[in-house]
Each structure stands twice: as C-alpha cells, then as structure tokens.
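Examining the three-dimensional arrangement
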Amino acid sequence: MFTAKNELLTRPSAVAAYQISRSLRFNSADSAYLNRTPASSGNLTTWTISWWTKRGQLSTAAQTTMFGTNYASSQEFMLQFTASNKFVFEQYAAGGATYLGYLVSTQVFRDTSAWYHFVVTYDSTQATASNRIKIYVNGTQITAFDTASYPAQNANSVWNSNVNEHRIGAYSTAKYYDGYITEVNFINGQALTPSSFGETNAQTGVWGPKAYSGSYGTNGFYLNFSDNSNTTAATLGKDYSGNGNNWTPNNFSVTAGAGNDSLVDVPTSFGTDTGVGGEVRGNYATLNPLQGTGITADFYTANGNLDLNVTNNSGYRNVASTFSPEGFKGYCEITMATATNFFAGFAFESLPPTNVQYQSTGTFIIGDAGNVKDGPSTITGSYTPAISSGDILQIAFDFTGGARNVWFGRNGTWGTTASGLGVPSTGTNPVLTVLNITQAARFYFGINTGGGTVTINANFGQRAFTYTAPSGFKALCTQNLPTPTIGATTATQAGKYFNPVIYTGNGGTQSVTGVGFQPDFTWVKRRDSTNGNGFEDAVRGAGQTLESNNTSAEVGYSAYFTAFTSDGFNMALGGGFFNANAGTYVAWNWRASNATAVSNTAGTITSQVSASTISGFSIVTYTGQSGAGTVGHGLGVAPSMIIVKSRSNGAFGWAVWHSTFTQSEYLLMDTTDAKGTASNYWNSSAPSTWTSAFGIGTAPKYVNGSGDTFVAYCFAQIAGYSAFGSYTGNASADGPFVYTGFRPAYVMLKRSSAIENWIILDSLRGPYNVNKPYLLANSTASEGSIYSIMDFTSNGFKLRDGDQSWNGSGTYIYMAFASNPFKYSLAR
C-alpha cells in the first residue's frame with residue numbers, strides 16, 4: 001500500500017478504519033528528542049495533548065520524559081514516567097517554589113508489549129481544583145494518585161509558553177524517553193476528552209485511534225512522523241495540522257538498517273505482507289524485558305527493545321519476545337553487531353527461564369559456533385563458517401500444525417552442512433522438526449557463559465528485511481496474527497463468554513445486571529466479610545448452591561438466588577452468600593450453551609451437559625457408579641482443567657485435574673493441600689484421550705460413588721481467550737512472566753508443589769497495575785489487598801511479589817480468561 005519514502009504526507013486516510021502509517025522510535029542512549037520553541041505564547045490556561053506510545057526499556061534509575069520543556073526563567077514542565085513506572089504531570093515556576101500541578105499516579109505502566117493512548121488536559125479556569133488537570137489512559141480517566149497537587153485557578157502553564165523550549169522525548173536535554181511515539185495532537189485553547197481522538201471499536205470492543213476533526217488553535221500541531229525521507233523539521237518533524245508548527249528532530253536516523261528509527265510499529269493494523277519487511281502496519285514483536293532472566297545493567301534490551309546488549313557475559317541469560325510463535329508461520333532476522341557465545345531460537349513453555357541455555361533439554365536453538373541443537377542437546381547440523389559479527393541470522397518457523405518446523409539461514413543461505421539446504425517456502429528439509437509436543441514454545445535470545453560482549457539487533461518486520469522472507473512466512477505483527485475464534489466480532493467478544501461484575505447487596509429483592517449475556521455458571525463471593533464462595537449453575541438449577549471452600553453437599557437456596565436472566569441473575573432475599581444489605585460482592589460469570597442441558601452418552605456414564613465448544617466450557621452432571629468409567633463433557637477436545645464435586649455427599653470435597661498433571665495427580669480446591677497422587681481419581685486412561693469423555697476412577701466418592709450425584713466444570717484452552725498452564729516461582733519482586741496470548745480478565749492460581757491457598761484476581765476489582773485485590777477459592781476470608789501481586793499485561797501476567805502464596809519456590813498452576821486477545825490488546 002505504501003511505496004514512497006515520504007508516504008502519507010498528510011493525515012492518514014482511512015480505508016476500512018482509521019490508519020496510522022509510522023511511529024518514531026526514541027532510543028534513550030542516542031539522546032533522541034524533538035524540539036520547538038513557540039514563536040509566541042498560546043493559551044496558557046487551556047490546552048490538550050493526545051499521543052500514542054509503546055514503552056521500550058524500563059528505567060529503574062531515572063525518570064523518562066515524553067513531553068517537557070527546558071529549564072528557563074526558573075520554570076519547567078514535564079510529562080514522564082518515574083523510575084518506578086508511574087505517570088507524572090509536573091509543572092512549576094519560581095525554581096520549584098510554586099507548583100502549577102504535580103500529579104503522580106498510583107498505577108504503574110510497565111507493559112512493553114503493546115500501545116498506550118494518553119490524553120492530558122490542562123484547564124485552570126475550572127472552579128474545582130481536580131478538574132484543572134485530567135489524565136486519561138486508553139479512554140479512561142486516572143483517578144487514583146499517590147500525589148495530587150493542582151494549580152491555582154487561572155494559573156498560567158509553562159507548556160505553550162514561548163519562554164521555554166519545548167521538547168518531545170526529553171526535558172532540559174536529560175531523562176530521555178525510550179520507546180515509540182506516534183499520532184501526537186496538541187490542541188491550543190480547548191480541554192477535550194479522549195473521544196476527540198479515539199473510540200471503542202464496535203467489533204473488538206477495544207479502544208483505538210480516530211482522526212481528530214476539530215481545530216488546533218494557533219500553537220496547535222499534529223505529528224504523525226510519516227515522512228521519513230529525511231530527519232529535518234520539514235520531513236520527520238513535519239506538522240500536519242496546517243499551522244506549520246514543525247519540530248526539529250535530534251539524533252534520529254532514517255537510514256536503512258538496525259539504526260532506523262522510522263518504523264511501521266503502530267497501534268492500527270492493516271496492509272498486505274509481501275515479505276520485504278517494513279510494510280505491514282500493526283503492533284510488532286519486540287524483545288520482552290519482562291520475560292527472561294538476568295535483566296540487569298550489563299544485560300539489557302535497548303533501541304525500542306529490539307537490541308540485546310551484553311557488556312559482562314558472566315553466565316547463561318536470556319530474554320523472550322513479546323509474541324509467541326504458536327499458530328504462526330513467521331520470519332525474522334537477527335543482525336550480529338558483535339557475536340560471542342550467543343544463542344537464538346525457541347524453548348518449551350514449562351522450561352524455567354533460568355534453564356533456557358545453549359545446552360538445555362527442551363530447547364531448539366542455534367548458537368554462534370553454528371551448532372544447531374534440539375533437546376536433549378542433539379547436534380542436528382552446523383554452519384561452515386560459524387556465525388560471526390556482521391552476519392544476518394535468518395529464522396523461519398512454521399508452528400501452524402502439529403509439528404514445529406524450524407529453518408535457520410545465514411546471509412541468504414538456508415540450511416546447514418549436516419542437514420543440507422532447506423527451503424522454508426516449500427516446507428522441505430527443516431533444520432529441526434519437533435513432533436508430539438503438547439507444550440507451547442517461546443522465542444528466546446540469550447548468551448552462554450564465556451566472557452566477551454554481545455550486541456544483536458532483532459528485526460521482526462518493523463523495518464525492511466535484508467533478505468526477503470520465504471513465500472508464505474510473515475512478519476510478527478498483530479495484522480498477521482491468526483483471527484481468534486473469540487474476540488474478533490461484536491458477537492464473539494470475550495465478555496460474551498466470561499465476565500465479572502461487582503455489586504452491593506440490598507438485603508431484599510435485587511436484579512444484578514451488566515454481565516452481558518445469560519450466565520450458565522455464576523460464582524459469587526462476598527468481598528467485605530467472611531462468607532463462602534457460592535456456586536450456581538443452570539444445569540443443577542438456580543438456587544442449588546455449592547461452596548468451593550468446604551465439602552458441604554448441595555443446599556437449596558432458591559428463595560435467595562432465584563433465576564438467571566438474559567444479563568445477569570435475580571435474588572429475592574437478603575443473605576450473606578449473595579445479598580446481605582450493604583455487603584460488597586463479586587460475581588464471576590461463564591456462558592455455556594445458554595440452552596437446556598442435553599443427554600450425553602459419549603462415556604460409559606450418561607451425563608447431562610451444557611457445553612460451548614466456542615469458549616471451551618461445559619457444565620456436566622452425572623450419577624456415580626460402582627467402578628471406574630468415563631463421563632462425556634461435550635467439548636470436542638480434551639479438557640485443560642476439570643473441577644468435580646459431589647452434590648449429594650458432604651463428606652468429600654472438590655477434586656481438580658489440570659493439564660499439567662498426569663492422570664494420577666489431583667488437587668482439592670477446598671483445601672490448601674499440595675498436589676496429590678492416586679491412581680483411582682481419574683482412572684488409567686491418558687488425559688490426551690479425553691476428547692469426548694474424561695476418565696473417573698474409584699476414589700472414595702470425590703469423583704465417583706454408586707448412586708451419588710456429581711457436577712463437573714470442564715474447561716478447554718481456547719487460543720486468545722483462555723489459558724491453563726504452570727510457572728516456577730522465584731520468590732522475587734521481579735517474578736516470572738506468564739504468556740497467555742491475551743490481556744487477562746481473571747486469573748486463578750495455586751501452588752501445586754506445596755501447601756498454599758487458591759488465589760483469584762480479576763481486572764474489575766483490580767482495574768490497574770499493580771493488581772492487588774485477591775480472594776480465596778478455598779476460604780471464606782474477605783478480600784485482601786496489601787500485596788503487590790501481579791501486573792496484568794496485554795499478553796499475559798507478571799508476578800510482582802515474592803510471597804509464597806503466588807511466587808515462592810516451587811510450581812504454580814493457573815487458569816486465566818481474557819478481556820481481549822493479544823491481537824487487539826492495548827497495554828495496561
């Protein structure tokens with residue numbers, strides 16, 4: 001679509017939707033910034049700035065500035081992230097004696113995998129102090145601040161004054177920004193809302209950019225960085241508002257190669273991939289400083305997280321990419337600026353990051369010596385000569401089928417001397433073929449021990465490739481990601497299948513709405529008091545209550561919880577489980593078939609099933625028998641998690657099977673117990689064979705028992721919507737990163753290797769990072785919120801506390817459900 005160097009010299013025009021053509025990469029090590037001094041002061045009491053940004057390196061030592069001014073006449077202005085990644089509005093005069101606004105957000109912004117939209121308004125004419133500065137992220141106003149000091153009414157701002165030089169990416173030639181910026185609108189004389197610059201996409205339900213159609217005012221400007229024919233104020237810094245308020249670029253490059261700062265990594269996805277790179281628009285893969293080991297001052301990402309720099313090669317260290325290769329057929333290039341003891345390739349999901357090494361079982365990688373290995377460390381080929389500084393390492397991979405096929409190339413030649421020449425475009429002679437692996441793989445880059453420095457530059461297609469990608473192999477960006485089953489249309493948004501709601505009890509008749517669909521399974525927990533976890537489902541009937549925190553048999557509470565509705569559920573009486581007066585509650589809701597349960601005879605035991613094969617969820621009821629058997633679940637694929645409870649027998653608790661277990665392992669959800677082993681819970685059939693029915697054994701009436709009635713909640717993993725896996729804790733505030741392929745709405749986790757609680761977090765009770773509010777599936781305890789447990793990100797979650805409940809030593813299992821798939825996600 002874009003052929004000229006100076007493409008889109010005016011505001012990008014929409015074809016099917018609004019499109020942004022390019023972003024500008026700010027590398028803090030280059031001291032890159034733009035500057036401009038207004039010819040005259042504009043409106044100093046009312047203005048708006050809107051911009052999109054994707055963060056790069058996360059500094060822990062200093063602030064990083066997106067917009068600022070130099071220090072002149074004892075006054076200064078800055079919009080920046082702190083060293084702890086909080087957003088700051090700071091403006092002062094009289095050498096800091098008079099603050100004209102100082103706000104520090106409570107929430108943190110350290111998601112490096114996707115784009116944020118920021119809007120800041122200054123309107124000191126407002127009578128109410130808190131209305132004089134407003135900050136919005138992704139269309140939502142920030143209301144929680146660690147510090148909030150507002151300017152006096154009618155106080156003049158420093159920004160928009162001709163006294164100070166204005167800068168984008170720095171202030172006072174210091175604290176340079178690291179990341180990407182695009183679509184900058186400055187409106188002189190108006191305090192606007194985000195709706196002037198963005199809107200919720202009707203199909204995906206995700207906030208996105210739209211064209212600003214209003215006036216700019218004399219000092220207003222619009223920068224889209226679309227003209228990369230040069231690095232002048234008339235090209236890269238050109239103002240497209242019509243005002244001619246161009247900005248002077250400093251220390252940027254538009255020369256082809258790893259140093260090119262004009263990239264097609266943008267918050268809108270469009271275009272056709274012909275394989276040349278630097279053409280398709282979308283959110284691109286980068287290295288992910290949140291996922292890896294050993295990210296320190298001497299092993300770090302840079303240049304918009306496309307460079308890996310190592311100045312002290314003291315041991316095995318690595319970093320992953322922000323995209324998973326699963327379900328993808330892709331191509332990337334790695335430029336070896338300096339190459340000593342490096343490796344690049346893939347590792348299986350269950351492999352702890354500390355073990356992603358050149359010699360590790362569970363990896364399939366290539367190293368600088370040219371040796372290609374796959375676990376368990378089998379040499380499958382080698383290059384002659386070995387890869388050296390200045391070489392281009394090519395990686396093509398096809399993870400779209402049951403096998404993982406990988407090809408490595410060097411400077412335009414595919415294959416190795418041992419394997420012969422492979423041809424990725426025809427699928428012939430891959431260097432590696434990995435079969436029968438049920439675990440997902442992750443893209444990793446790293447170093448081996450041995451001393452020396454390493455600098456490698458990754459290109460996932462956000463700039464032109466040195467060599468055209470093999471036919472059919474795509475750049476790693478959201479435009480090229482497979483369209484998910486859930487999340488791509490209005491009818492299939494994730495919130496149509498899982499959605500939490502919060503409400504306050506009234507002690508009487510009440511209808512809880514806002515679920516967005518008719519729930520088939522509702523799990524209610526009171527947040528402010530010690531009441532149980534109430535389970536309701538449409539197959540057993542509304543008001544037939546079970547509690548996940550004890551072994552009690554089903555109790556009829558139909559006078560309290562009376563019915564499921566098209567948008568929630570009804571209650572008729574007050575009560576601690578559901579509707580105590582002034583009690584605060586959360587209800588997690590899942591949708592199955594939204595129809596009467598049907599008889600299922602796929603197993604040896606006939607079951608009643610309400611199933612959604614789209615969302616991978618079914619509610620199953622059955623009657624136990626005297627011996628081992630199988631129970632049909634209606635999902636069409638083997639479940640990833642099964643939760644079973646006897647309805648009629650109050651002596652036995654909640655048995656749980658998880659996809660990381662064998663058929664001889666189980667957990668009990670009503671206890672803190674570690675994973676147990678017994679051959680008579682799930683019978684002897686392998687879980688991979690449970691495609692139509694899951695196996696149950698003769699365990700003492702946890703899952704089976706002649707004449708006892710049972711309910712089972714079965715979940716199958718759906719790409720972009722649900723994830724079931726495990727991670728290894730590290731007892732650190734810099735905890736593991738778990739890739740889910742979506743922005744989570746809900747995460748439940750359990751330390752399976754030791755005694756610990758079942759922890760539940762969601763995006764409604766914890767609407768911003770760090771996510772703190774948690775509840776316990778196995779306890780009546782009220783909501784806790786004193787720990788900084790985890791960040792939800794656009795593509796997974798990151799543990800941020802070393803408490804053993806969620807990140808001590810040992811193994812943790814989890815189940816997670818999406819707000820929206822990564823293909824459409826914004827940063828959180």
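A few words on the overall build of the protein. Scanning the protein for helices and strands turns up one helix and 60 strands. Put simply, of all contacts in the protein between residues at least 6 apart along the chain, 67% involve residues at least 24 apart. Within the structure as shown, the protein displays about 26,000 Å² of accessible surface, and the carbon and sulfur contribution to it stands at 47%.

Two strands in a sheet stick together by hydrogen bonds in their backbones, pointing the same way (parallel) or opposite ways (antiparallel). In space, the eight strands of this open sheet follow the order β43-β44-β45-β52-β47-β48-β49-β50, with antiparallel pairing throughout. The sheet is open, and its two edges are formed by β43 (598-600) and β50 (676-677), each paired on a single side. Strand direction decides the pairing type here: strand β48 (residues 654-658) and strand β49 (residues 665-668), joined by two bridges, are antiparallel. Paired with V656 across the two strands is L667, which belongs to β49.

This part covers the sheet that holds strand β36 (residues 521-526). The strand order across the open sheet built from six strands is β34-β42-β36-β37-β38-β39, with neighbouring strands paired in antiparallel fashion. The outermost strands of the open sheet, each flanked by one partner alone, are β34 (498-504) and β39 (555-556). Here β34 pairs with strand β42 (residues 584-590) via seven bridges, running antiparallel. Note that in β42 the partner of T504 across the bridge is T584.

Nonpolar side chains tend to gather and get buried jointly when the protein is soluble and globular. W523, W590, Y622, Y713, F715, Y746 and M748 are the most contacted members of the largest nonpolar core, which totals 83 residues. Sort the elements by how many residues they give to this core and strand β60 (residues 811-821) lands first, with seven residues. Beyond its immediate chain neighbours, meaning those up to four positions away, M748 contacts W523, M641, M669, W758, I759, I760, A777, I813, Y814 and M815. In terms of nonpolar packing, the next biggest core, distinct from the first, is built from 45 residues, W52, V206, F443 and L481 among them.

Once that is clear, we can look at unusual backbone geometry. With omega at 5°, the peptide bond leading from N769 into V770 counts as cis. Inspection of the secondary structure assignment puts V770 in the loop between β56 (758-762) and β57 (775-776). In this structure, N138 is a non-glycine residue whose phi angle is positive, near 50°. Summarising the element assignment, N138 is placed in the loop between β9 (133-137) and β10 (140-141). Judged by its relative accessible area of 15%, N138 is buried. For F225, which is not glycine, the phi dihedral falls at a positive 55°. Inspection of the secondary structure assignment puts F225 in the loop between β16 (221-223) and β17 (248-250).

Further remarks concern the pairing of strand β1 (residues 23-26). By the alternation rule, side chains of β1 split into S23 and R25 and L24 and F26, which are all buried. Strand direction decides the pairing type here: β1 and strand β18 (residues 262-263), joined by two bridges, are antiparallel. What sits directly across from S23, in β18, is L263.

Let us look at the confidence of the model for the protein. Here the protein shows a mean pLDDT of 89. Residues at 70 or above account for 89%. Within the model, the stretch residues 1-16 combines pLDDT values under 50 with 44 contacts to residues more than four positions away or in other chains. Every residue in residues 355-362 scores below 50 in pLDDT, and together they form 34 contacts with partners more than four places removed in sequence or on other chains.

By secondary structure assignment, the location of K525 is in strand β36. At a separation of 3.4 Å, a polar atom in the side chain of K525 contacts the main-chain carbonyl oxygen of S529. Excluding residues that lie within four positions of it along the chain, K525 makes contacts with N531, G532, N533, T584, Y585, V586, W588, L775, S779, T780, A781 and S782.

Criteria and thresholds
- Residues numbered from 1 in each chain as written.
- Predicted model: local features only at pLDDT ≥ 70, side-chain atom pairs only at ≥ 80, totals over all residues.
- Heavy atoms only, no water.
- Helix = DSSP H or I, 4+ residues; strand = E, 2+ residues; numbered from the N terminus.
- Contact = heavy atoms within 4.5 Å.
- Areas by Shrake-Rupley, 256 points an atom, 1.4 Å probe, with all protein chains shown as cover.
- Pairing = 2+ DSSP bridges.
- Core = buried A, V, L, I, M, F, W, Y, C linked by side-chain atoms within 4.5 Å.
- Buried < 20%, exposed > 50% of the residue type's maximum accessible area, 1.4 Å probe, protein only.
- pLDDT = per-residue confidence, 0-100.
- Polar contact = N/O pair within 3.5 Å; in protein donor to acceptor, adjacent residues only side chain to side chain.

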